[in-house]
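Survey of secondary and tertiary structure
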Amino acid sequence: MNGDKNNKQNPRKVFWQCGTCSRAVFHILNTEFNNPKEIEERAADPLAGGIYQKGEQCGMLWGGALGIGTESFRKYGNSDKAVATAIKSTGLLINSFVKRTKSVNCLEITNCDFSNKFDFAKFMLKTILCGFIYSPCFNLINKWAPEAIVLVKDGLLDKNINLLEPPISCASEVAKKMGASDEEIIMVAGFAGGLGLSGNGCGALSAAIWINRLQWCKKNSGTHPYLNNQNIKEIFEVFYRETNSEIVCSKICGRNFKTIDEHTEYIKNGGCKKLIETLSGI
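Structure report, in brief. (Residues numbered from 1 in each chain as written. Predicted model: local features only at pLDDT ≥ 70, side-chain atom pairs only at ≥ 80, totals over all residues. Heavy atoms only, no water.)

1. Some details on the overall build of the protein
Within the protein, the regular secondary structure consists of 15 helices and zero strands. The C-alpha atoms of the protein give 17 Å as radius of gyration, which agrees with the globular expectation for 282 residues (19 Å, within 12%). Expressed along its principal axes, the backbone C-alpha trace of the protein runs to roughly 55 × 45 × 40 Å. When contacts within the protein are restricted to residue pairs at least 6 apart in sequence, long-range pairs at least 24 apart make up 71% of them. Of the accessible surface of the protein, which amounts to about 12,600 Å², a share of 50% is contributed by carbon and sulfur atoms. Placing the 34 positive and 28 negative side-chain charges of the protein at their respective mean positions leaves the two points 4 Å apart. (Helix = DSSP H or I, 4+ residues; strand = E, 2+ residues; numbered from the N terminus. Rg over C-alpha atoms; globule rule 2.2 N^0.38 Å. Contact = heavy atoms within 4.5 Å. Areas by Shrake-Rupley, 256 points an atom, 1.4 Å probe, with all protein chains shown as cover. Lys, Arg positive; Asp, Glu negative; His and termini not counted. Charge placed at Lys NZ, Arg CZ, Asp CG, Glu CD.)

Listed below in structure tokens is the structure:
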């Protein structure tokens, strides 16, 4: 597992150095593709713990999706191919992860409610005292990261993506409206439909959080994005008002998306329009 054949990565060590699972997997993929993104990786910290410690999709998946989007943009530029490849490859990443863990959700994998200060403190204390042997997160990243890299490389080379129309990602629409660059818009494309069309925690929400923190990190070099979390709380407040406190994509939309075309058609016909506009207006 190495971008530079003389510099093999140690997933556990990378996790320890990065501090969060979301940043760690993002960093591992960027390093593998020789594509350093220090600020972008730092901005991914709030996606750990299942979207800002909400217990939804594991941060490794959000970080993986960002890594996929980053390399997809480098390969295919600002194009329909880049969007479609990012979404499909993220879906493959989800499938691989679930085969190993039986769940995508942080809460179910760790048995820890990271939003509860007592649970979080107990989890961290055990991790520090017992080290890698105890932590389900460190053990998971060590086993899964090499598999994820192979999967991502194959997915990014997939030529069998046939679409009826130009693909649209709800997450990319949020990023675009928030003033993101062409690259950043593609980077979040795989968040679509609850992450790779899996119907889990809302990808538009996570895109809004990441773009918000990225913009903040660009202005606050070297500062941890958690030090000013009022913006994230505001994002959740407006999101919950719009969705009646529902965070799961399939429940918000009232359906699952089996194909990229189905998701595209839904967005084109006004699906989640108000939610996208609300999130991007924060």
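2. Structural notes on helix H14 (residues 260-268)
Every buried residue of H14 is accounted for by Ile260, Asp261, His263, Thr264, Tyr266 and Ile267. Buried residues along H14 sit in contact with helix H5 (80-101), helix H9 (170-177), helix H13 (249-253) and helix H15 (273-280). Phi for Gly270, located one or two positions after H14, is positive at around 95°. (Buried < 20%, exposed > 50% of the residue type's maximum accessible area, 1.4 Å probe, protein only.)

3. Focus: the pattern of salt bridges
This structure, assessed with the given rule, holds twelve salt bridges. For Lys88, the salt bridge is made with Asp158, and the minimal N-O distance between the two is 2.8 Å. With a gap of 70 residues between them, Lys88 in helix H5 and Asp158 in the loop between helix H8 (136-156) and H9 connect regions that are remote in the sequence. Since its relative accessible area comes to 30%, Lys88 is described here as partly exposed. Judged by relative accessible area, which is 17%, Asp158 ranks as buried. Between Arg100 and Glu147 there is a salt bridge, with the nearest N and O atoms lying 3.0 Å from each other. (Salt bridge = Lys/Arg side-chain N within 4 Å of Asp/Glu carboxyl O.)

4. Concerning unusual backbone geometry
The residue Lys102 is not glycine, and still its phi comes out positive at about 70°. Relative to the assigned elements, Lys102 resides in the loop between H5 and helix H6 (106-110). Overall, the relative accessible area of 68% leaves Lys102 in the exposed class. Positive phi values are uncommon outside glycine, yet Cys272 reaches one of about 60°.

5. Quick notes on a nonpolar patch on the surface
Nonpolar side chains collect at one region of the surface, where Trp16, Phe120, Met124 and Ile128 lie side by side and expose about 410 Å² of accessible area between them. The element best represented in the nonpolar patch is helix H7 (residues 117-130), accounting for three residues. With respect to the helices and strands, Phe120 occurs in helix H7. (Patch = residues over 30% accessible without salt bridge, like charges linked within 9 Å, V, L, I, M, F, W, Y side chains within 5 Å.)

6. Brief notes about the nonpolar core
With 91 residues, the main nonpolar core has Met60, Leu66, Trp144, Phe191, Leu205, Trp210 and Leu279 as its most contacted residues. In contact with Met60, not counting residues within four places along its chain, are Phe15, Cys21, Ser22, Val25, Phe97, Cys137, Leu140, Ile141 and Trp144. (Core = buried A, V, L, I, M, F, W, Y, C linked by side-chain atoms within 4.5 Å.)

7. Comments concerning the packing of helix H1 (residues 11-18) against helix H2 (residues 21-32)
Relative to each other, H1 and H2 sit at 125°, their axes nearing to 8 Å. Considering their axes alone, H1 and H2 lie oblique with respect to each other. Our pair here, H1 against H2, has a crossing hand that is right-handed. Note on element contacts: H2 touches H1 through Cys21, Arg23, Ala24, His27 and Ile28, opposite Pro11, Val14, Phe15 and Cys18. (Axes fitted to C-alpha atoms, helices over the stretch in contact; angles between N-to-C directions. Parallel < 35°, antiparallel > 145°, perpendicular 65-115°, else oblique. Left-handed = near helix turned anticlockwise from the far one by under 90°.)

8. Quick word on the side chain of Asp45
Of note, Asp45 is situated in the loop between helix H3 (38-42) and helix H4 (59-76). Polar contacts involving the side chain of Asp45 include one to the side chain of Thr20, which spans 2.6 Å. (Polar contact = N/O pair within 3.5 Å; in protein donor to acceptor, adjacent residues only side chain to side chain.)

9. Observations regarding the environment of Ser115
Counting through the fold element by element, Ser115 comes out in the loop between H6 and H7. You can call Ser115 partly exposed: its relative accessible area is 47%. For the pair Ser115 and Glu38, spaced 77 residues apart in sequence, the C-alpha to C-alpha distance is 26 Å. Reaching out from Ser115, the side chain makes a polar contact with the side chain of Asp113 at a distance of 2.5 Å.

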